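# Notes for the structure review
What follows is each chain in one-letter form.
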Amino acid sequence: MVPEAEVQDVLEELQRLRARVPLLAGALAASTDGLVLAQDTPGVEAEGVAALTAAALGVALRMAEATGRGGFRELLVRGETGYIATYAAGSSAVLTLLAEDRINVGRLHLEGRRASARIGELVDTALKRTAQPAPAPHAPRPRTPPSGPLPHRT
């Protein structure tokens, strides 16, 4: 899992993104298997959205592969009242954005791609750091006799 310090950095990135894009109704970073890493999604059940994102990601990956379009980058769903955009965020996370219908989709993609790149760097770096084994503690040194002739009784 991602350490708490990086989770806070991801949350701050989500909040900055929502401040930059006024018609963004929510932002969620999740692992590719559907676990919430950080979320700023008022009025939305983040765990459910993360799980659905993982399911949609699985289908999108298969579609990209089956059609020879390369690795997954993004997915856009348009509903009657807005958009759901999902972006790859590094090797093990995704960014899902909820946007109102009036949003400029080009701006949504521009900001979403930038934020997903930053979030991907944060998450991948944190996972690499936690995956590295901790250095072994130094074993106590055996006591060595002092150099020179041994003392003797006279």
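Provided above is the structure to which this section pertains.
Quick summary incoming for the structure in this document. Values in this document were obtained by computation on a predicted structure and should not be read as measured data.

## Description of the pattern of salt bridges
According to the stated counting rule, one finds ten salt bridges in the structure shown. As a salt-bridge pair, E111 and R20 come within 2.8 Å of each other at their nearest N and O atoms. Of the two residues, E111 is situated in helix α3 (residues 105-131) and R20 in helix α1 (residues 4-20); the sequence distance between them amounts to 91 residues. Overall, E111 belongs to the buried group, its relative accessible area being 7%. Salt bridges here are not isolated pairs; linked through shared partners, they connect E13, R16, R20, R107, E111 and R118.

## Some points on the sheet that holds strand β1 (residues 24-31)
Across the sheet, five strands lie side by side as β2-β1-β5-β4-β3; this open sheet has antiparallel pairing. Looking at the sheet topology across the chains shown, the edges are occupied by β2 (36-40) and β3 (74-79). Put simply, the sheet's adjacent strands are angled 15 degrees from each other on average, direction ignored. Pairing of β1 with strand β5 (residues 93-100) involves seven bridges; the strand directions are antiparallel. Each bridged residue has a counterpart across the sheet, and for A29 the counterpart in β5 is L95. On top of the sheet, α1 reaches β1, β2 and β5; it is set at about 30 degrees to β2, its chief contact.

## With respect to the nonpolar core
Counting 26 residues, the largest nonpolar core has L95, L97, L108 and I119 as its most contacted members. Going through the elements one at a time, α1, β1, β2, β4 (82-89), β5 and α3 are the ones with two or more residues in this core. Setting aside residues up to four positions removed in sequence, L97 forms contacts with L17, L24, G26, A27, Y83, I84, A85, Y87, L108 and G112. Core analysis: the second largest hydrophobic core is formed by nine residues, A30, A50, F72 and V94 among them.

## Some thoughts on the environment of A60
Following the sequence through the fold, A60 ends up in helix α2 (residues 46-66). The exposure class of A60 is buried, given its relative accessible area of 13%. In this structure, the C-alpha to C-alpha distance between A60 and R73, residues 13 residues apart in sequence, is 9.3 Å.

## A word on the packing of α1 against α3
It is the contact of α1 with α3, at a shortest axis distance of 10 Å, that shows an interaxial angle of 175 degrees. Considering their axes alone, α1 and α3 lie roughly antiparallel with respect to each other. Between α1, through E6, D9, V10, E13, L14, L17 and R20, and α3, the contact on the second element is made entirely by R107, E111, A115, R118, I119, L122, V123, A126 and R129. Residue composition of the contact of α1 with α3, by class: eight nonpolar, no polar and eight charged.

Basis of the calculations
- Residues numbered from 1 in each chain as written.
- Predicted model: local features only at pLDDT ≥ 70, side-chain atom pairs only at ≥ 80, totals over all residues.
- Heavy atoms only, no water.
- Salt bridge = Lys/Arg side-chain N within 4 Å of Asp/Glu carboxyl O.
- Helix = DSSP H or I, 4+ residues; strand = E, 2+ residues; numbered from the N terminus.
- Buried < 20%, exposed > 50% of the residue type's maximum accessible area, 1.4 Å probe, protein only.
- Pairing = 2+ DSSP bridges.
- Axes fitted to C-alpha atoms, helices over the stretch in contact; angles between N-to-C directions.
- Contact = heavy atoms within 4.5 Å.
- Core = buried A, V, L, I, M, F, W, Y, C linked by side-chain atoms within 4.5 Å.
- Parallel < 35°, antiparallel > 145°, perpendicular 65-115°, else oblique.
- Nonpolar A, V, L, I, M, F, W, Y, C, P; charged D, E, K, R; others polar.

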